[in-house]
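# Summary of the model geometry
Spelled out, the chains give:
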Amino acid sequence: MTDDRTSKGRSVPSGRLARLGIFGRMAGGVAGNVVAEGARRLANGERPKINDLLLTPANAMKVADQLSHLRGAAMKLGQMVSMDSGDMLPPELSAILAKLRDGAHHMPPEQLDRVLIAEWGKDWRRKFAHFQAHPIAAASIGQVHKARMRDGRTLAIKVQYPGVKDSIDADVDNVATLLRVSGMLPRELDIAGLLGEAKRQLHEEADYIREGAMLARYRDLVGAAPGLVVPALVPELTTPRVLAMDFVEGVAVETLETASQEVRDQAMQALIGLVLRELLEWGLMQTDPNFANYRWQADAATGGGRLVLLDFGAARAVPADVAAGYRRLLQAGLSGDRDAVREAALSVGFLGEAIVARHRATIDSMIDVVLAELNRPGPFDFGDRAFVGALRDQGIEMVRDRESWHLPSIDTLFVQRKISGTALLAARLKARVDVRAMVMAQVAGGDQPPGTVAASR
């Protein structure tokens, strides 16, 4: 979520036909831009490819604006694409799609009032000494308001947009159709299982009772761990569409870009340590790495601070076999054994048999690049992205070979999304962290299964 104190309200379309109409206008606008851009390039003597016409700043802006209006599953999936594309999209397109991570339009007051009456009753305002009508943040599924209880406690109240839960299945199918039509997904790739799992997780994220339970669980797991803080749940005000918690002061984690190197390193060391514990100890991971899910609480006395963890709707169990596969992959990487890394990547599902058979030399070369970076002594400099360009250049032919594309298991995809998003934030902050030492300490226990703290998905 992002600070939303200067944005304007825009009613959330909750009806199926209203949302379908926006998808239709989105597709029509993209098609119109393709025709116009194609005509312009043909007039200049070019022979453009359809993907070049689709992936333009004008189309990215059109999609980002309409998904921000829809909110819900449509916007959430757009956020996933914007983060997971990483360094693969042109910079101008990545910048436009990043708007989806910066927040959404919020509900106008009359729509908000109707939602809260339905959840708390018509006299809901009597529960508070003050309720800030304008949200302090707005995102894909809900918006956050600051409130003060009559006993003096300050709370953060997350209110779900109307119609979000009922529109999830249709929104996922509509976004998938747009991806198919655009040619971004090859027809040979079977994504039916992935779409079903995306719908299931989004339904879980829209259940604020479940998220409240995960919030409380994470608060217990994190405990007094240095560098981290989790708000306390307020269960008496939490409903399936309203989530109440203590308000915790903090600033957007991206503001640390201008902080000292020491502070940036401290923040990312805390987050990387958390990810390792989620994966290899707890067997429970919050799999949405959106930057807005983290805040930074500075400590003037020490010059450091703590990372505030928010939004646990995407918390899910990490199966023991997936955790064990990652442990073997990390151990192989630490050993510098290329063959062991390749085999571990196959077993965990990163690589498919077809792509290894067809591109063995390229894969081995890419593994060598990663091993050289991982086993370099001292802190890893996330701000040095030269090796990413080398990997991208080597991987171009494999990306073009669509017949060898492979979908890992859904559990591996969600874990890797968290890891990739964490690395993306570290790169944004240009952090320097001794990742090798942290990984060595975490995997020292061998092939033991993660702890039994994970709740049922």
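As stated in UniProt under Sequence similarities (unreviewed entry), the record for the protein gives "Belongs to the protein kinase superfamily. ADCK protein kinase family."

## Some remarks on the overall build of the protein
Looking only at helices and strands, the protein features 17 helices and 14 strands. In the protein, buried positions account for 51% of the 457 residues. Taking contacts inside the protein between residues at least 6 apart in sequence as the whole, the part at least 24 apart equals 74%. Within the structure as shown, the protein displays about 20700 Å² of accessible surface, and the carbon and sulfur contribution to it stands at 56%.

## Observations regarding the pairing of strand β10 (residues 294-298)
Looking along a regular strand, one sees the side chains alternate between the two faces of the sheet. Where strand β8 (residues 251-252) and β10 come together, two bridges link them in antiparallel fashion. Residue pairing across strands places alanine 252 opposite arginine 295, the latter belonging to β10. Inspection of the sheet shows β10 paired to strand β11 (residues 305-309) by five bridges, in the antiparallel sense. Looking at the pairing, tryptophan 296 lines up with leucine 307 of β11. Hairpin geometry of β10 and β11 is characterised by an intervening segment of six residues between the two adjacent antiparallel strands and by a positive phi of about 85° at glycine 303.

## Section: the environment of valine 308
Looking at the element boundaries, valine 308 is found in strand β11. Distance from valine 308 to glycine 250, taken between C-alpha atoms, is 7.1 Å for residues 58 residues apart in sequence. Ignoring sequence-local partners within four residues, the contact set of valine 308 consists of Val229, Val248, Glu249, Asn293, Tyr294, Arg295 and Gln297.

## Remarks on the packing of aromatic side chains
Under the defined criterion, the tally for this structure stands at 10 aromatic pairs. Ring geometry for tryptophan 120 against phenylalanine 128: centres 5.5 Å apart, planes inclined by 45°, an arrangement best described as tilted. Ring centres 4.7 Å apart and planes at 75° place the aromatic pair phenylalanine 380 and phenylalanine 382 in the edge-to-face group. Members of the aromatic cluster, each reached through a chain of ring pairs, are Trp120, Trp124, Phe128 and Phe131. Residue placement shows lysine 146 over the ring face of phenylalanine 247; its charged tip is 4.4 Å from the ring centre.

## Comments concerning the environment of aspartate 401
Among the secondary structure elements, aspartate 401 is positioned in the loop between α15 (386-400) and α16 (410-429). Judged by relative accessible area, which is 13%, aspartate 401 ranks as buried. Distance from aspartate 401 to arginine 358, taken between C-alpha atoms, is 9.2 Å for residues 43 residues apart in sequence. Not counting the four nearest positions on each side in its chain, aspartate 401 is found in contact with Arg358 and His359. In terms of polar contacts, aspartate 401 uses its side chain to reach the side chain of histidine 359, at 2.8 Å.

## So, the pattern of salt bridges
Think of it this way: side chains of opposite charge can pair up when their charged atoms draw near. Going through the model one piece at a time under the given rule, you end up with 22 salt bridges. Residue arginine 342 pairs with aspartate 364 through a salt bridge whose shortest N-O separation is 2.9 Å. Taken together, the residues span a long stretch of sequence, with arginine 342 in helix α12 (residues 338-348) and aspartate 364 in helix α14 (residues 360-374) at a distance of 22 residues. As far as the burial class goes, arginine 342 and aspartate 364 line up, both buried. When the shortest N-O distance is used, the salt bridge between arginine 358 and aspartate 401 registers 2.9 Å. Placement of the pair is arginine 358 in helix α13 (residues 353-358) and aspartate 401 in the loop between α15 and α16, with a sequence separation of 43 residues. Look at the salt bridges and you will find they share partners, linking Arg338, Asp339, Arg342, Glu343, Arg360, Asp364 and Asp368 into a network.

## Observations regarding the sheet that holds β10
Spatially, β6-β11-β10-β8 is the arrangement adopted by the four strands of the open sheet, whose pairing is mixed. The open sheet has two edge strands with one neighbour each: β6 (228-229) and β8.

## A short note on the pairing of strand β5 (residues 154-160)
Counting buried positions over the seven residues of β5 gives six, a clear majority of the element. Here seven bridges tie strand β4 (residues 142-149) to β5, and the two strands are oriented antiparallel to one another. Paired with arginine 148 across the two strands is threonine 154, which belongs to β5. Between the end of β4 and the start of β5, which pair antiparallel, lie four residues, with glycine 152 showing a positive phi angle near 100°. Here β5 pairs with strand β7 (residues 242-246) via five bridges, running antiparallel. Within β7, the position partnered with lysine 158 by the bridge is leucine 243.

Conventions adopted
Residues numbered from 1 in each chain as written. Predicted model: local features only at pLDDT ≥ 70, side-chain atom pairs only at ≥ 80, totals over all residues. Heavy atoms only, no water. UniProt positions renumbered as here; feature names shortened; annotations may be inferred. Helix = DSSP H or I, 4+ residues; strand = E, 2+ residues; numbered from the N terminus. Buried < 20%, exposed > 50% of the residue type's maximum accessible area, 1.4 Å probe, protein only. Contact = heavy atoms within 4.5 Å. Areas by Shrake-Rupley, 256 points an atom, 1.4 Å probe, with all protein chains shown as cover. Pairing = 2+ DSSP bridges. Phe/Tyr/Trp six-rings, centres within 6.5 Å; stacked < 30°, edge-to-face > 60°. Lys NZ or Arg CZ within 6 Å of the ring centre and 35° of its normal. Polar contact = N/O pair within 3.5 Å; in protein donor to acceptor, adjacent residues only side chain to side chain. Salt bridge = Lys/Arg side-chain N within 4 Å of Asp/Glu carboxyl O.

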